[in-house]
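What follows is the residue order along each chain.
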Amino acid sequence: MKAFYYYTFAILILFALITSCLSTKKLGKNDALITKLELKGFDKQFEEQAAAYVALDVRPNSPFNLFIYNTFSKNGKLKLGEPPHLVDSALIEVSKNQIQKFLKTKGFLNAEVASQIKIKNKRAALTFTAKQGKAFVFKDISFKIPNDTIKALYLNTRNTFTKITPGARFDEDSIVYEREKIYLLMKANGYYDFLRQYVRPSVDTNLNKNLANVEIAIINPVDGTNHQQYTINNTYINIQSAGINPNKIDTTVIDSQYYFYDKSNFFKAKRIADIIYIKKNTDYDITKVELTNRRLNELNVFKSININFKKTSDSTNRLNSFLDITPLKRKFNRLDGDYTFNSSITGFNLGLTYQNRNAFGGGEVFEVKLRGGFQFDRNLTGKFFDRVLSRDYQIGTSLTFPRLISPIRIPLIGRYGIPRTRFGLSYQSFNLTNTYKRNTVATTLTYDWVETRFKTHSFTPINIQYSLGNIKQSVADSLVAQGERFFLTTLRSQLVSSSFYTYTYNFARLAEYSNFAFLLANIEIGGNSTALIANAIGIKQDNEGQKKIFGVPYYQFVKLETDFRYYKSLGGEKQLIIRLNPGIGFAYGNVKALPFEKLFFAGGSTGVRAWQARTLGPGNYNRSSLKNDTARNNLRNLDQLGDIKFEGNFEYRFKLINNFFGTKVKGATFVDYGNIWQLRNEGLNQAREIQLNKLWSQLAIGVGLGLRFDVSFFVFRLDAGFKMKDPQFIGSNQWVSKYWFDKDAKNDFKNTYNNVTNKPDTYSFTQIQFGIGMPF
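Note that the structure is predicted; figures quoted are calculated from it, not measured.

S.K.: Let's hear about the packing of aromatic side chains: which residues, and what values?
M.R.: For the structure shown, the criterion picks out 35 aromatic pairs. When the ring of Phe729 is compared with that of Phe749, the centres are 5.3 Å apart and the planes differ by 75 degrees; the resulting orientation is edge-to-face. Pair noted here: Phe729 is in the loop between strand 28 (715-725) and helix 13 (743-756) and Phe749 is in helix 13, with a separation of 20 residues, a long-range link. Among the residues examined, Phe729 registers a relative accessible area of 13% and is labelled buried. Taken together through their ring pairs, the aromatic side chains of Phe729, Tyr739, Phe749, Tyr763 and Phe765 make up a single cluster. Of note, Lys725 hangs over the ring of Trp696, and the distance from its end group to the ring centre comes to 5.0 Å. Here the guanidinium or amino end of Lys746 rests over the ring plane of Phe765, the centre of that ring lying 5.4 Å away.

Below you can see the structure in the form of structure tokens.
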């Protein structure tokens, strides 16, 4: 533990010294770098908001961004990092005035703000001090609304949204909010022509008593007439041809109100009408218009959607609605891939996806995916393909319907998102050279639906996997001789039937720079229905005490996993993310082990990034404990799996370059920790089991730096992880960070490690991770 603090502290001190030395070296004679910003005299609830009114160029630099600028930007010609933020009296004065105005909007109408600058050795400390005074409060609220219908509508619903109440702190945002809610209320109740300008709040303040009286007026149109309410007449849907000139236009009328003109001949009118919420003979409602627009966009088959209204020519106060829709191309192909490497193993995956975005005319998505992957071992000799460690081929097809399909009637769900039903079928062939082959067929049925904007659900009642595993006989004999029966159980042929449920909270906010929590929770239960069938048809146990269906044993288990994150905005595009990712699986009944696909692994591009996936743990497990080199080779990527997982991450994200050949470049620094463990010994050494009294010694810790290249439609990610604490070693030897800056000691350590394992494994202190999208 002491070693951890020592090395962490040493790294921080070294970084601070470097950035400190470079930060003022290139400044002009009369320049001073702003290194500290402090706000005094502010209520805690307003301090962060007030700081946001300080001009960006007089806030302290990010030390890392400033280091990048001073190191790589020659006289400012290269726009790398962030130029030094210098004392600028004009910007400081502007910031002071903006903060003072902000306090007045929050009810401190007598507030005064002063600024102070202290300079020492070309470093400046900037302080804003506020004398807020006593906050004004709302006293009397009156209304001036000549239209009795509007007045009744507003006053009857006002209590559900208002923030203007007697005794509450005066806040201009509350008045702006009231005005906007009145506008939306009118637009949701037939008042098609209503404008925000019709709402005119006024405030009368008593400076001696710190009171504010508010009058809310809703005036009539300038021509003196009353506001008119409108109802919906017919809806006309015009679907463009997407560049095709059809010989005929598909025209259909649905429910005597929806008139379809489909120039593309791609769509079924009834399916589109089901998600149009603009209904005949109902009041015009802007929320229904926006909901229709969102749902049509969620089908992912339209390029653009425009909704307009036109008054009918008679005097009945009716509106015809017009939807002008341009579809996307119906068929779509995508090629993707990734590449991983460390000191001994490299690998790549390539995938090709074909997608038909409107298979049956109702927004159904038919998809076929082909994927192939290879891993290569540099320690193997021979030609290129003689060094192949593993081959992985996959083909999968799925059909997704934008509705819930069930033998029982389910009410239409669509207010917060389109529900979906997905049928899937896949085949996988995996070959670990000279060790193991596995062919798997799987089928799934999944329902996805949205409870609210921030809460989503996914339920898979059917998930069946039938696998035929073939372990090379010499490998199987070797495992039995070493007491490693656990791997025979997890790798052999098997039948897995399960159901699982996933709950997601705040997925829609992941692209925001704000403060929020994210949760993804998953529970999976498997094998119970299969066990009932086996018992019902009288299947007997074999010599190993297991029952088999279709010649393979079935598995019973329960598996839980959660992914909890907290996103903290630090202003601008700076963000801190704290993540916890625990999981546990427990097998029971027919086979006392989890299926291979249900076991956890640690490391990889979204876990402890200083380790390649499936090369960390379980527990204090060290591969040198395997009795011979053959076993170490045969079990690579198979022996480092577990029943329990716990990973955590701290990641700080920041902007580096605003425009780098059209790409926004962002940086990241991170600390990752965690491991996997096994619940049962099953004849294995105890180092793999979770031991609460040795939990600290069983945790791995990695640190690293990353780059994110944001090209608007996707993010390409490159992370470099560095091992700091490696649980496969004992005592102080776990702190492998002590070898970072000692070349001779590092080489001795690696040579010793490689000799112990006779080079089936080579040790790497660094792991490079590539990926598409953010890690979390």
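S.K.: Can you lay out the sheet that holds strand 7 (residues 231-239) for me, pointing to particular residues and giving the numbers?
M.R.: Spatial ordering of the open sheet is given by 8-9-7-11-10, a layout of five strands whose pairing is mixed. Across the chains shown, the open sheet's two edge strands, defined by having one partner strand only, are strand 8 (250-254) and strand 10 (302-311). Neighbour to neighbour, the strand axes of the sheet diverge by 15 degrees on average, direction disregarded. By the bridge criterion, five bridges tie strand 7 to strand 9 (residues 258-262) in an arrangement that is parallel. The residue bridging Ile237 from the neighbouring strand is Phe260, located in strand 9. Strands strand 10 and strand 11 (318-327) of the sheet are contacted by helix 8 (residues 286-298), whose axis makes an angle of about 160 degrees with strand 10.

S.K.: Can you tell me about helix 8, naming the residues and giving the values?
M.R.: Taking 1.5 Å as the rise per residue, helix 8 with 13 residues should run 18 Å; its terminal C-alpha atoms sit 18 Å apart, in good agreement. Among all positions in helix 8, only Ile286, Val289, Leu291, Thr292, Arg295 and Leu296 are buried. In this structure, the buried residues of helix 8 make contact with helix 6 (172-187), helix 7 (269-273), strand 10 and strand 11. Just beyond helix 8, the residue with positive phi is Asn300, at close to 60 degrees.

S.K.: Can you tell me about unusual backbone geometry, naming the residues and giving the values?
M.R.: The peptide bond linking Gly617 to Pro618 adopts the cis configuration, its omega dihedral lying at -5 degrees. Secondary-structure assignment places Pro618 in the loop between strand 24 (575-588) and helix 12 (629-634). One non-glycine residue, Asn265, lies in the positive phi region at around 55 degrees. Examined against the element boundaries, Asn265 turns out to sit in the loop between strand 9 and helix 7. One non-glycine residue, Asn281, lies in the positive phi region at around 65 degrees. Here Asn281 lies in the loop between helix 7 and helix 8.

S.K.: So what about the nonpolar core? Which residues, and what values?
M.R.: Counting residues in each nonpolar core, the largest one holds 29 residues, and the members touching the most others are Phe260, Leu296 and Phe302. Those elements that provide at least two residues to this core are strand 7, strand 9, helix 7, helix 8, strand 10 and strand 11. Counting residues per element, this core draws most heavily on strand 10, at four residues. With near-sequence residues (within four places) excluded, Phe302 lies in contact with Phe267, Ile272, Leu296, Ile325, Thr326, Pro327 and Leu328. One finds Phe170, Met186, Phe194 and Tyr198 within the second-largest nonpolar core, a separate group that totals 22 residues.

Conventions we followed
Sequence order as written defines the numbering, with residues in each chain counted from 1. Per-residue local features are limited, in this predicted model, to residues with pLDDT of at least 70; the limit for side-chain atom pairs, both in listing and counting, is 80 or more; totals at the level of whole chains, interfaces and linings are taken over all residues. Neither water nor hydrogens contribute to the side-chain values; these are computed over all heavy atoms in the structure. Stacked, edge-to-face and tilted labels apply to pairs of Phe, Tyr and Trp rings (six-membered ring for Trp) whose centres lie within 6.5 Å, assigned for plane angles under 30 degrees, over 60, and everything in between, in that order. The helix count covers DSSP runs of H or I at least four residues long, the strand count covers runs of E at least two residues long, and both are numbered beginning at the N terminus. Note on classification: 1.4 Å probe, protein chains only; a residue is buried when its accessible area is under 20% of the maximum for its type, exposed when over 50%, partly exposed between these limits. Criterion for a charge above a ring: Arg CZ or Lys NZ at most 6 Å from the ring centre, at most 35 degrees from the ring normal. If DSSP finds at least two bridges between two strands, the strands pair. Here the axes come from fitting lines to C-alpha atoms, over the contacting stretch only for helices, and the angles between their N-to-C directions go from 0 to 180 degrees. Residues count as neighbours in contact if any of their non-hydrogen atoms are within 4.5 Å of one another. Take the residue count of a helix, subtract one, and multiply by 1.5 Å to get its expected span. What we call a nonpolar core is a set of buried Ala, Val, Leu, Ile, Met, Phe, Trp, Tyr and Cys residues that are connected through their side-chain atoms within 4.5 Å.

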